[in-house]
Amino acid sequence: MSTRIVRAVTYDVRFPTSRSGAGSDAMNPDPDYSAAYVTLETDDPGGLAGHGLTFTIGRGNEICVAAIEALAPHVVGSTIDELVADLGGLWRRLVTDSQLRWLGPEKGVVHLATAAITNAVWDLYARVAQKPLWKLLVDLSPEELVACIDFRYIEDALTQEEALAILRRSEAVAAGFTHLKVKVGGDLESDLRRVRLVRDAIGPEYRLSLDANQAWGVEQAIEAIGRLSEVDPWWIEEPTSPDDVLGHKRIRDAVAPVRVATGEHVQNRVVFKQLLQLGAIDACQLDCCRLGGVNEVLAVVLLAAKFGVPVCPHAGGVGLCEYAQHVSMFDFVSVSASLDDRVCEFVDHLHEHFVDPVRVVDGRYLAPTAPGYSIEIRPESLAEFAFPDGPGWWQGEEVPA
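Since we're looking at a predicted model, the values are computed, not measured.

Before going further, it helps to spend a moment on helix 13 (residues 320-336). At Phe330, helix 13 shows its largest bend, some 30 degrees. Burial analysis of helix 13 places 14 of its 17 residues in the buried class, which makes it a mostly covered element. Following helix 13 by one or two positions, Ala337 has its phi on the positive side, about 55 degrees.

Spelled out as structure tokens, the structure:
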């Protein structure tokens, strides 16, 4: 693994999903699903490279690309051997860059870019090891996994010793889609009409969750969920601002037994720590791009295990399903050893652009078998949907600024 990373090549890739409204919700009515994408090229004569991306919904994707380029010097010039020997140290260098850190710290665009770089390194590591990422993680020892995690700011909730105990404990250790989700957060009467139709269609035996995408204030959320509770929702997702930890706790206490789920916009392990310590959520919906890559994902998975909250990764955007499947499989094999109350989101959208797309049979993800993190985009898709000149992006129409 003395192979050296010689350059980081970035791409601004955008899919014009706003034309069909795909992926829209109460707060994001016209998303163009996009990826700030990076390929870490090496001096390997066989063309070995690592791939990573972070997901956005259109304008501003170029800012993420610029942030990836700003962070790239932390890995370009290093050998794979050097990086793999201290993956925890790599992550700390990325998030503590003495100047770029000012733009975060550990949140926002710089943290999104950190995820792309970090995940590309892990993808490269898994390719060298000839394993899919979930299997690479499963095969690492508890000590190796814990060494990847930055415990700063979370040791009051999860110590290294506790993380090791969780991982060592798990060493011993229906067909079809049964859980559906409906977007809410617009007009309440319209929301009620739609969720009643879905509940009537699926019957009482299947789980129905609702997703408000942060549309409500705390009091508004409590009132709306009170009315929507007639359809027996399994959970309400993102009922209010993702930064309002106390608000989530207040909502959870008020709407029980309806569960509260959040995480796709939770920016780092510290906010997750607070949500979990306070007992403010019933499901941990971590996002593999919002968090700063695999290292921080590991921290949040173990925090959730410590507090007995199921990990249900957020997915559905460009590459998020490809990422999330690895997290759920690692969580099951090495951490929770349970499928109880655990789901991994799936949206059948844009997977055709990936070299190793997700595979779902009878409502279940099939474990990836190809080496890597399943995030490599096909070259023809990179060319077709390149912003702003790719023919698939604008097709002769005026390109949005």
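Quick look at unusual backbone geometry now. Residue Pro105 is bonded to the preceding Gly104 through a cis peptide linkage, with omega at -15 degrees. Cis geometry is adopted by the peptide bond preceding Pro257, which originates at Ala256 and carries an omega value of 15 degrees. Following the sequence through the fold, Pro257 ends up in the loop between helix 10 (245-255) and strand 7 (259-262). Not every positive phi belongs to a glycine, and Asp341 is a case in point at roughly 60 degrees.

At a closest axis distance of 10 Å, the pairing of helix 11 (residues 269-277) and helix 12 (residues 294-306) adopts a crossing angle of 5 degrees. One finds that helix 11 runs roughly parallel with respect to helix 12. Residue-level inspection shows Arg269, Phe272, Lys273 and Leu276 of helix 11 in contact with helix 12, the latter providing Glu296, Ala299, Val300, Leu303 and Ala304. The residue makeup of the contact of helix 11 with helix 12, split by class, is six nonpolar, no polar and three charged.

Taken as a whole and judged by the stated rule, the model has 28 salt bridges. Among the salt bridges present, the one from Arg14 reaches Glu62, with a minimum N-O distance of 2.7 Å. Residue Arg14 is located in strand 1 (residues 5-14), and its partner Glu62 is located in helix 1 (residues 61-71); the two are separated by 48 residues in the primary sequence. Residue Arg14 is classed as buried on the basis of its relative accessible area, which comes to 2%. Glu237 is the partner of Lys181 in a salt bridge, and the nearest nitrogen-oxygen pair spans 3.1 Å. With Lys181 in strand 4 (residues 179-183) and Glu237 in strand 6 (residues 235-237), this pair connects stretches of sequence that are 56 residues apart.

Bringing the nonpolar core into the picture now. Grouped together as the largest cluster of nonpolar side chains are 117 residues, with contacts concentrated most on Leu53, Trp122, Leu137, Trp216, Ile236, Leu286 and Val318. Residue contributions to this core peak at ten residues, all from helix 4 (residues 108-129). Ignoring anything within four residues of it in the chain, the contact list for Leu286 reads Gly263, Phe272, Leu291, Val297, Val300, Val301, Val311, Pro313, His314 and Val327. Core analysis: the next-biggest nonpolar cluster, separate from the first, contains five residues, Trp234, Ala261, Ala283 and Cys312 among them.

To continue, consider the sheet that holds strand 5 (residues 207-211). The five strands are arranged 4-5-6-7-8 in an open sheet whose pairing can be described as parallel. Only two strands of the sheet have a single partner each, and these edge strands are strand 4 and strand 8 (283-284). Bridge count between strand 7 and strand 8: two bridges; the pairing is parallel. The partner of Thr262 across the bridge, within strand 8, is Cys284.

Here we come to helix 12. Spanning 13 residues, helix 12 covers 18 Å between terminal C-alpha atoms, matching the ideal 18 Å at 1.5 Å per step. Of all 13 residues making up helix 12, eleven are buried, and the element is well covered by its neighbours. Residues of helix 12 that are buried: Val294, Asn295, Glu296, Val297, Leu298, Ala299, Val300, Val301, Leu302, Leu303 and Ala304. At the exit of helix 12 stands Gly308, carrying a positive phi of roughly 70 degrees.

With that settled, consider the environment of Gly247. With respect to the helices and strands, the residue Gly247 is situated in helix 10. Taking C-alpha positions, Gly247 is 32 Å from Ser334, a pair spaced 87 residues apart along the chain.

Here we come to the pairing of strand 5. Counting buried positions along strand 5 yields four of five residues, so the element is predominantly enclosed. Examined bridge by bridge, strand 4 and strand 5 share five bridges and lie parallel to one another. Looking at strand 5, one finds that His179 is bridged to Arg207. Taken together, strand 4, helix 8 (residues 188-202) and strand 5 constitute a β-α-β crossover, and its handedness is right-handed. The sheet contact formed by strand 5 and strand 6 spans two bridges and is parallel. If you follow Leu210 over to strand 6, its bridge partner there is Ile236. Crossover strand 5 to strand 6 through helix 9 (residues 218-228) is right-handed.

Its place among the elements puts Leu100 in the loop between helix 3 (87-95) and helix 4. It is 7.4 Å that separates the C-alpha atoms of Leu100 and Val110, two residues lying ten residues apart in sequence. Once residues within four sequence positions are removed from consideration, Leu100 is found in contact with Ala70, Leu71 and Val110.

What counts, and at which threshold
- Residues numbered from 1 in each chain as written.
- Predicted model: local features only at pLDDT ≥ 70, side-chain atom pairs only at ≥ 80, totals over all residues.
- Heavy atoms only, no water.
- Bend = angle between axes of the 7 residues up to and from the residue.
- Helix = DSSP H or I, 4+ residues; strand = E, 2+ residues; numbered from the N terminus.
- Buried < 20%, exposed > 50% of the residue type's maximum accessible area, 1.4 Å probe, protein only.
- Axes fitted to C-alpha atoms, helices over the stretch in contact; angles between N-to-C directions.
- Parallel < 35°, antiparallel > 145°, perpendicular 65-115°, else oblique.
- Contact = heavy atoms within 4.5 Å.
- Nonpolar A, V, L, I, M, F, W, Y, C, P; charged D, E, K, R; others polar.
- Salt bridge = Lys/Arg side-chain N within 4 Å of Asp/Glu carboxyl O.
- Core = buried A, V, L, I, M, F, W, Y, C linked by side-chain atoms within 4.5 Å.
- Pairing = 2+ DSSP bridges.
- Expected span 1.5 Å × (residues − 1).
- Right-handed = clockwise from strand over helix to strand, strands pointing away.

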